[in-house]
Number of protein chains: 2
Amino acid sequence: MKNCIIGQSGGPTVAINASLAGVLSKCKEYNCAHIYGMINGIKGLLDNTILDLNNIFKNEEDIDRLKKSPAMYLGSCRYKLPTPNTDSGIYNAIFDKFKELEITDFFYIGGNDSMDTVDKLSKYANKIGSKIHFIGIPKTIDNDLAATDHTPGFGSAAKYVAGSMLEIAFDSSIYKLKSITIVEIMGRNAGWLTAASALAKTNFSSAPDLIYLPEVPFDKNKFLNDIQKLFKKKHSIIIAVSEGIKTKDGHYLDQDCKSTNKDAFGHIIHSGTGKILEQLVMQKFNCKVRSIELNVLQRCAMHMASKTDIEEAFEIGQQAVISAKNGESAIMMIFKRISNKPYLTEIQSENIENIANAERGIPIDWINEDHNGIKKELYNYMLPLIQGEVELKYKNGIPSYINISHLNHSEI
Amino acid sequence: MKNCIIGQSGGPTVAINASLAGVLSKCKEYNCAHIYGMINGIKGLLDNTILDLNNIFKNEEDIDRLKKSPAMYLGSCRYKLPTPNTDSGIYNAIFDKFKELEITDFFYIGGNDSMDTVDKLSKYANKIGSKIHFIGIPKTIDNDLAATDHTPGFGSAAKYVAGSMLEIAFDSSIYKLKSITIVEIMGRNAGWLTAASALAKTNFSSAPDLIYLPEVPFDKNKFLNDIQKLFKKKHSIIIAVSEGIKTKDGHYLDQDCKSTNKDAFGHIIHSGTGKILEQLVMQKFNCKVRSIELNVLQRCAMHMASKTDIEEAFEIGQQAVISAKNGESAIMMIFKRISNKPYLTEIQSENIENIANAERGIPIDWINEDHNGIKKELYNYMLPLIQGEVELKYKNGIPSYINISHLNHSEI
């Protein structure tokens, strides 16, 4: 290993900087001459906005602060590489830059779309006989990457969702009146994070009473019936709903109610499922109704991170470097679960081709027969991932996170 | 002191149970025979839903768990007592119940409307020659109670708002593109909590870049100009806005856009200011726009409470009992600030008449001349209130709060 280059891509999580910290610490241990960081993913390489992280992170304290800071120190991009056949100009530019910087190892931390980038770069490298190692490091709060048992970032988001759900249950309990609280949780096609709200259940609190996931069809009449039935037993009903729930013909619930904005990858940008259900139940039930969108905090609330998640994210970053040193390439690092109780995992690697662009939803047999809750198997799968709290340093009453002033590009 | 009775009323905070814990601990110290808790405020007295807290909270560990649990162990009500002249039937019922339970001291923890209840009960007691002591204990995330330097619950909500704002700033920083993020914060007529978002500012993060408060008139054109000017300096703009901002003729921004639902006290229930501004800036600026409603988590997120706030809430509860024992009545407990640095306060009492139904907004000279930010004086006032973190116990990855199953009234 001589010079490494690292990027982050896709949406933020609170664990993605921990993986960067893991890569950094191992590269330092291996005495890499330069550890470059691309600002705003692969776009930063093309735009020549590159930091030398070796100079910025001088000691363990610096790396520890990075490990415990949310979002993305290197920024992100939503840039999809063309297929090498259609535009090799960009590939030439990228590999020229690699040559100029004498890069031996390339690490990319991200989700499905980022693994697509690693896949394409690996294939192009193969074609031109480049010896650079390309390693993908998973992250996504959605937990929807194929091949890996789970993804860094999910456990912390799950802990935030579960903890917040419990607090919302407390908030909703105070009045002696019929009420419906709808909590909208992120998840475009995979319901893992919405399902994680079930981790809020205690021996005295049943919230969320109903859970609706994108993996099974959503039926409005059944939904209203579910609520009606529950009102016979209790007065305050709390519902967790994924932003991406769909009717049985595959229509997102909010699809007809808004302009169909798309992101750079052609994904429809959703919002408003909670509000739509709020209107629906208001018409049907004469009671207090509130919808709550957990919004971006579920992916950036480092103050409620899972220690298990942050430590795993750090370790998978370190293992990525070890794999590169061992000569591996065109892989993504993955977790294999050995057992739930005690919780044991191993970090391995998987051919990137088997992962890129494949989405992994919740297995249908982990969802209950009524399609409004989860089974014990899913609960047991998620429970170990939210264990432990991260000790943060505070300054002036707020968490003391890493300086990200380099991301404030005033020139735009 | 023989038998005490305690109630909680109004909206939840994370500090209101700490005040209840304070009252409890001091009543136990004074060997009160019975410490009754009214479920759902004064309504619980009329409905005869009363717990004997002395039996439930047996030791310090029980009281500590109560102190560190969000929302309201005793539940709440939004019930306004009639003036004694118009309906003394209810007052007869209340004071008959006091007699039956041999109550010597009455404690009520709440905001403006709850202090109205304490005021009316004190006056009625005076009229009929009752010797019961009536003591109000303040709480509200809005920080809008008259006479007291600040209110328990505000500091924790402020810490959550500031911490979340910092994390939202991290989340918004990742893309290299023009963006506007609007964060809607609770506050009907007082902007204290919205102003608290300014505590998120660090030496590298300027968020929130703009702050709009209900104490000064809101002007759409000026608002759009403020953003336009800022875009010359930076690409990601974060705006904190109070739900209750009004135009110069006193119209709430969201007033024309929704049905004017009112709560039991005739207050208009607001929502949607952030969404309205989102639409406004989308029309004007060709960039990414997102609005975030912090929603109920700002008042129930015990996991991000201020230690200063929780300790003060506990102490003011204890002091209320001491005042009652000293024969005081028709008072609310208040904080007097001695100094900011070091932060020193004293707990005193104030005639309830001077407090009930009076609202305290931010002094205009603590708001900047451009009406889009706050002055250093306000920052310095708020800073001590968010200091310190509360050590919570966790179980199964989520906070281990107190059992509130008694609030799940299945009979409704």
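Residues numbered from 1 in each chain as written. Chains lettered and ligands numbered in written order. Predicted model: local features only at pLDDT ≥ 70, side-chain atom pairs only at ≥ 80, totals over all residues. Heavy atoms only, no water.

**Details of the pattern of salt bridges**
Where charged atoms from two side chains of opposite charge approach closely, those side chains can pair. Residue and element names in this part refer to chain A. Rules: Salt bridges, as used here, are contacts in which a Lys or Arg side-chain nitrogen is within 4 Å of a carboxyl oxygen on Asp or Glu. A run of H or I in DSSP counts as a helix once it spans at least four residues, and a run of E counts as a strand once it spans at least two, with each numbered from the N terminus. Burial status follows relative accessibility: with a 1.4 Å probe on protein chains alone, a residue under 20% of its type maximum counts as buried, one over 50% as exposed, and anything between as partly exposed.
Under the definition given, this model contains 36 salt bridges over all chains. Linking K120 and D116 is a salt bridge whose minimum nitrogen-to-oxygen distance equals 3.0 Å. Linking K120 with D116, this pair stays in helix α6 (residues 112-128), spanning four residues, or about one helical turn. The residue E353 makes a salt bridge to K123 at a minimum N-O spacing of 3.2 Å. With a gap of 230 residues between them, E353 in the loop between β11 (344-351) and α13 (376-382) and K123 in helix α6 connect regions that are remote in the sequence. Under the relative-accessibility criterion, E353 is labelled partly exposed at 47%. The class for K123 is partly exposed, based on a relative accessible area of 40%. Shared partners join several salt bridges into a network, and the residues in it are K80, D116 and K120.

**Topic: the sheet that holds strand β8 (residues 236-242) of chain B**
Residue and element names in this part refer to chain B. Going by this rule: At least two bridges found by DSSP between two strands is the condition for calling them paired. An axis is simply a line fitted to the C-alpha atoms; with a helix, the fit covers only the stretch in contact. Between two such axes, the angle follows the N-to-C directions and lies from 0 to 180 degrees. Here, residues are in contact when the closest pair of their heavy atoms is within 4.5 Å.
Here four strands make up an open sheet; going across it, the order is β7-β8-β6-β9 and the pairing parallel. Lying at the two open borders of the sheet, with one neighbouring strand each, are β7 (210-212) and β9 (288-293). Going across the sheet, the axis of each strand differs from the next one's by a mean of 15 degrees, ignoring polarity. Of the strand pairs in this sheet, β7 and β8 are connected by three bridges, and their pairing is parallel. Residue pairing across strands places Y212 opposite V241, the latter belonging to β8. Taken strand by strand, helix α10 (residues 273-284) contacts β6 (179-185), β8 and β9, and its axis lies near 160 degrees from that of β6.

**Here's the deal with the packing of aromatic side chains**
Applicable threshold: Whether two aromatic rings pair depends on their centres lying within 6.5 Å, for rings of Phe, Tyr and Trp, where Trp uses its six-membered ring; planes under 30 degrees apart make the pair stacked, over 60 edge-to-face, and the rest tilted. A positively charged side chain is recorded as over a ring if its NZ (Lys) or CZ (Arg) lies within 6 Å of the ring centre. The angle to the ring normal must also be within 35 degrees.
As enumerated under the stated definition, the model contains 36 aromatic pairs over all chains in all. Judged by centre distance (5.2 Å) and plane angle (80 degrees), the ring pair of A:F95 and A:F98 falls under edge-to-face. In this pair, A:F95 and A:F98 are both assigned in helix α5 (residues 88-100), three residues apart and thus about one turn of the helix distant. For the pair A:F95 and A:F98, a shared accessibility class is recorded, and that class is buried. Taking the centre distance of 5.2 Å and the plane angle of 55 degrees together, the rings of B:F218 and B:F223 count as tilted. Counting every residue linked through ring pairs, the aromatic cluster contains A:Y91, A:F95, A:F98, A:F106, A:Y108, A:Y124 and A:F134. Cation over ring: A:K178 sits above A:F231, and NZ or CZ is 4.4 Å from the ring centre. Between the NZ or CZ atom of A:K325 and the centre of the ring of A:Y30, over which it lies, the distance is 4.6 Å.

**Looking at the relation of the copies chain B and chain A**
How we decide: Residues reaching a pLDDT of at least 70 in both copies supply the C-alpha atoms on which the copies are superposed by least squares.
Least-squares fitting of chain B to chain A yields an RMSD of 0.0 Å, with the superposition described by an axial translation of 0.0 Å and a rotation of 180 degrees. A rotation of that kind, with that shift, is consistent with a two-fold axis.

**Here we look at the interface of chain B and chain A**
In plain terms, the rule: The term buried area denotes the loss of accessible surface (1.4 Å probe radius) that occurs when two parts are joined, taken as the sum for both partners.
Listed per partner, the contact involves 69 residues of chain B and 69 residues of chain A. Between chain B and chain A the total buried area reaches about 6000 Å² when both faces are included, carbon and sulfur atoms providing 61% of it. With its nearest N and O atoms 3.9 Å apart, the salt bridge here joins B:D47 to A:K176. Sorting the residues of the side of chain B that touches chain A by element identifies α7 (154-172), β9, α11 (297-300) and β13 (398-399) of chain B as the ones contributing at least two each. Tallying contributions element by element places α7(B) first for the side of chain B that touches chain A, with ten residues.

**Observations concerning the sheet that holds strand β6 (residues 179-185) of chain A**
Residue and element names in this part refer to chain A. Taken in spatial order, the four strands make up an open sheet running β7-β8-β6-β9, and their pairing is parallel. Each edge of the open sheet carries a strand with a single partner, namely β7 (210-212) and β9 (288-293). Each neighbouring strand pair of the sheet contributes to a mean axis angle of 15 degrees, computed without reference to strand direction.

**A few points about the pairing of β6(B)**
Residue and element names in this part refer to chain B. Counting buried positions over the seven residues of β6 gives seven, a clear majority of the element. Of the two faces of β6, both are covered, the one formed by S179, T181, V183 and I185 as well as the one formed by I180, I182 and E184. In the sheet, β6 pairs with β8 via seven bridges, with the strands oriented parallel. Opposite T181, over in β8, you have I238 as the bridge partner.

**Describing the confidence of the model for chain A**
Predicted coordinates in areas of low pLDDT are best not read in detail. Residues and elements named next belong to chain A. Rule in force here: A score from 0 to 100, pLDDT tells how confident the predictor is in each residue.
This prediction gives chain A a mean pLDDT of 93; 95% of its residues lie at or above 70. Here residues 258-271 is a poorly scored stretch, pLDDT under 50, and it has 28 contacts once near neighbours within four places are set aside; other chains count. What the predictor reports for the complex is a pTM of 0.95 with an ipTM of 0.95.

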